[in-house]
Amino acid sequence: TGTNETTAVNVRDVLGKGLEQGKTIRELTADVQNTMQVDGARAETIARTESARAYTQGQVEAWKQTGGVVNGKKWVLAPD
């Protein structure tokens, strides 16, 4: 099921603060579960997906701040 904008903002805030605090996936899962009232498996999926997304976005931002040392990115896919 979808989420409303308020829930999405709340989850983003909870995960952002949790990641800043260095929380584990298990701790982030519990935070998501408490915020969204979803089962543990769904909460873990959200915690893992969104923390991976935040990490990747952080990498992109870091590359942008290299002053031109990094000037692009290339996605490499498996053959199959």
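Cut-offs applied
- Residues numbered from 1 in each chain as written.
- Predicted model: local features only at pLDDT ≥ 70, side-chain atom pairs only at ≥ 80, totals over all residues.
- Heavy atoms only, no water.
- Helix = DSSP H or I, 4+ residues; strand = E, 2+ residues; numbered from the N terminus.
- Rg over C-alpha atoms; globule rule 2.2 N^0.38 Å.
- Buried < 20%, exposed > 50% of the residue type's maximum accessible area, 1.4 Å probe, protein only.
- Salt bridge = Lys/Arg side-chain N within 4 Å of Asp/Glu carboxyl O.
- Contact = heavy atoms within 4.5 Å.
- Axes fitted to C-alpha atoms, helices over the stretch in contact; angles between N-to-C directions.
- Parallel < 35°, antiparallel > 145°, perpendicular 65-115°, else oblique.
- Left-handed = near helix turned anticlockwise from the far one by under 90°.
- Core = buried A, V, L, I, M, F, W, Y, C linked by side-chain atoms within 4.5 Å.
- Patch = residues over 30% accessible without salt bridge, like charges linked within 9 Å, V, L, I, M, F, W, Y side chains within 5 Å.
- Areas by Shrake-Rupley, 256 points an atom, 1.4 Å probe, with all protein chains shown as cover.

**Considerations on the overall build of the chain**
- If you tally the helices and strands in the chain, you get three helices and zero strands.
- Traced from its N-terminal end to its C-terminal end, the chain shows the element sequence α-α-α.
- For a compact globule of 80 residues, the expected C-alpha radius of gyration is about 12 Å, and the chain comes in at 15 Å, more than 25% above that figure.
- Oriented by its inertia axes, the alpha-carbon framework of the chain measures out at about 45 × 35 × 25 Å.
- For the chain, with 80 residues in total, the buried portion stands at 16%.

**A word on the pattern of salt bridges**
- According to the stated counting rule, one finds five salt bridges in the structure shown.
- The salt bridge involving arginine 53 is made with glutamate 50; its shortest N-O contact spans 2.9 Å. With a gap of three residues between them, arginine 53 and glutamate 50 both fall in helix α3 (residues 40–64), about one helical turn apart.

**Things to note about the side chain of serine 51**
- Mapped onto the elements of the fold, serine 51 is located in helix α3.
- When near neighbours in sequence (up to four residues on either side) are disregarded, serine 51 contacts Leu19, Ile25 and Leu28.

**Topic: the packing of helix α1 (residues 5–20) against α3**
- The contact between α1 and α3 brings their axes to 11 Å, and the two run at 65°. Taken together, the axes of α1 and α3 lie roughly perpendicular to each other. In the crossing of α1 with α3, the sense of the turn from one axis to the other is right-handed. Residue-level inspection shows Val11, Leu15 and Leu19 of α1 in contact with α3, the latter providing Ile46, Ala47, Glu50, Ser51 and Ala54.

**Digging into the nonpolar core**
- Core analysis: the biggest nonpolar cluster contains eight residues, these being Val11, Leu15, Leu28, Val32, Met36, Ala43, Ile46 and Ala47.
- Looking at this core, the elements with two or more residues in it are α1, α2 (25–36) and α3.
- Setting aside its immediate chain neighbours within four residues, alanine 47 contacts Leu15, Ile25, Leu28, Thr29 and Val32.

**Quick look at a nonpolar patch on the surface**
- A cluster of nonpolar side chains, Trp63, Val69 and Val70, forms an exposed patch at the surface whose accessible area comes to about 270 Å².
- Checked against the element boundaries, valine 69 lands in the segment after α3.

**A look at the side chain of aspartate 31**
- Structurally, the position occupied by aspartate 31 is in helix α2.
- Note on aspartate 31: relative accessible area 17%, which makes it buried.
- Excluding residues that lie within four positions of it along the chain, aspartate 31 makes contacts with Val14 and Lys23.

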